Amino acid sequence: MQVVSISSLKGGVGKTSVTSGLASAALAAGIPTLVVDLDPHADASTALGVSPDDQLDIGRMLRSPRRAHLADNVVASGWVGQARANGAASGSANGSAPHVLDVAVGSAYTGIYDRPDLGRRDLRRLSTVLAGAGDYELVLVDCPPSLNGLTRMAWSASDKVALVAEPGLFSVAGTERTMRAIQLFRQEFAPKLSPAGIVANRVRSGSAEHAFRLAEMESMFGELLLTPHIPEQANWQQIQGAAHSIHHWPGDSAKNAAGLFDALLQNLLHPRGLAAAGAVRDRSQR
Ligand SMILES: Nc1ncnc2c1ncn2[C@@H]1O[C@H](COP(=O)(O)OP(=O)(O)OP(=O)(O)O)[C@@H](O)[C@H]1O
Ligand SMILES: [Mg+2]
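Chains are numbered independently. Their residues run from 1 in the order of the written sequence. Labels follow written order: the first chain is A, the first ligand is 1, and so on. Since the coordinates come from a predicted model, pLDDT governs what is reported: local features require at least 70, and pairs of side-chain atoms require 80 or more to be given and counted, while whole-chain, interface and lining totals use all residues. In computing side-chain values, all of the structure's heavy atoms are included and hydrogens and water are not.

Strand pairing is assigned whenever DSSP identifies at least 2 bridges connecting the two strands. Helix numbers and strand numbers start at the N terminus; a helix is a DSSP run of H or I with at least 4 residues, a strand a run of E with at least 2. Taken together, seven strands build an open sheet; the order of strands is 3-4-2-5-1-6-7 and the sheet is mixed. A single partner strand is all that each edge strand has here, and the edge strands are strand 3 (75-76) and strand 7 (197-200). Where strand 2 (residues 33-37) and strand 4 (residues 101-104) come together, four bridges link them in parallel fashion. Within strand 4, the residue paired with threonine 33 across the bridge is leucine 101. Across the sheet, helix 1 (residues 15-28) lies against strand 1 (2-7), strand 2, strand 4, strand 5 (138-142), strand 6 (160-165) and strand 7, angled at about 165 degrees from strand 5, the strand it touches most. The contact rule is simple, with two residues in contact once any of their heavy atoms fall within 4.5 Å. Fitting a line to C-alpha atoms yields each axis, with helices limited to the stretch in contact; the angle taken between N-to-C directions then spans 0 to 180 degrees.

The following block contains the structure:
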């Protein structure tokens, strides 16, 4: 099981959108996946179309992590039914894939842990909850836009962090600060955490400023800047508003975006050059 946190220092850069795109790619690839919605705003739960009955939300599970019984409290994403129906309709081999995409549902209740002074014991709460996770191959953790307790709790439960950034001045500076924060966190709390990969989101192909900032990010972060970059997508809000998966939305632009998330998921889970990543890590530590 690989646990990947999707984080950023800044709000609104696309963490939840990238989490949703990766979850959609994982569902299409038949990778049994859990999305943990750690943001008190619970946007990922909305995007993934969950309708909880009497399951505990993730905030309540974190409160009593040893008694949480994650498997009893996850909710299947509404996308799973669509995937089954699409697979059956097309008669594709994927129609018989297991189609597991569960959600540990977000709630304002997680907010009680989003403090800057969370202690070691509290930082382990999510790891303890996830110890009860069944047969997932992938866990995606959608984080709130800060480096407070919830994001740190996510990092301490993770194998990898994906940082989402838009190619603008403040985002690039914020990403560098966040990389340094992850370095410090690794040294103190999570020695097995990989160096973070960076996802460039909302990239506008015609923008000279975006091209400049992307080149700057490439020289700063090298291989850690993941490919492909995710472009600004005109119908993204409409797709999210319908609580739809990008892989199930009709039209060429959604198909193209779905393909980008397929490739991004591959590159995130199976990075090419760890040696290069190490070299860049050294550079960013200076
Ligand atoms: N590639 C994209 N193309 C077009 N719109 C996008 C893209 N990525 C994100 N958005 C839009 O930008 C807004 C913010 O995205 P999102 O909610 O994913 O960001 P976030 O980082 O999770 O925000 P928060 O910090 O509030 O949790 C949303 O309205 C979303 O639809
Ligand atoms: Mg979000």
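Moving on, there is more to tell.
What follows covers the site of ligand 1. Only heavy atoms are used to decide nearness, and a residue is near a molecule or strand if one of them lies within 4 Å of it. Looking at ligand 1, there are 18 residues lining it, with Lys15, Ser17, Arg202, Gln233 and Gln240 nearest. Between ligand 1 and glutamine 233 there is a distance of 2.8 Å, counted from a nitrogen atom to a backbone nitrogen or oxygen. The contact in question runs from an oxygen atom of ligand 1 to an N or O atom on the side chain of glutamine 237, over 3.0 Å. About the coverage of ligand 1: the protein hides 84% of its 630 Å² of free accessible area. Any N or O atom pair separated by 3.5 Å or less is treated as a polar contact, with the protein-specific requirement of one donor-capable and one acceptor-capable atom, and with residues adjacent in sequence counted only for side-chain atom pairs. Only the protein chains shown count as covering a residue, and every accessible area follows the Shrake-Rupley method with a 1.4 Å probe.

A few words on the confidence of the model for the protein chain. On a range of 0 to 100, pLDDT expresses the predictor's confidence in each residue. Residues of the protein chain with pLDDT of at least 70 account for 91%, and the chain-wide mean is 90. Across residues 274-286, confidence stays below pLDDT 50; counting only partners more than four residues off in sequence or on other chains, it has 15 contacts.

Strand residues, when the strand is regular, have side chains that alternate between the two faces of the sheet. Taken across its five residues, strand 2 has five buried, putting it largely inside the fold. Any residue under 20% of the maximum accessible area for its type is buried, any over 50% is exposed, and the rest in between are partly exposed; the area is computed with a 1.4 Å probe on protein chains only. Alternating residues of strand 2 divide into Thr33, Val35 and Asp37 and Leu34 and Val36, and every residue in both groups is buried. Two strands pair when backbone bridges link them, and strand 2 and strand 5 are joined in this way by five bridges, in the parallel orientation. Within strand 5, the residue paired with valine 36 across the bridge is valine 141.

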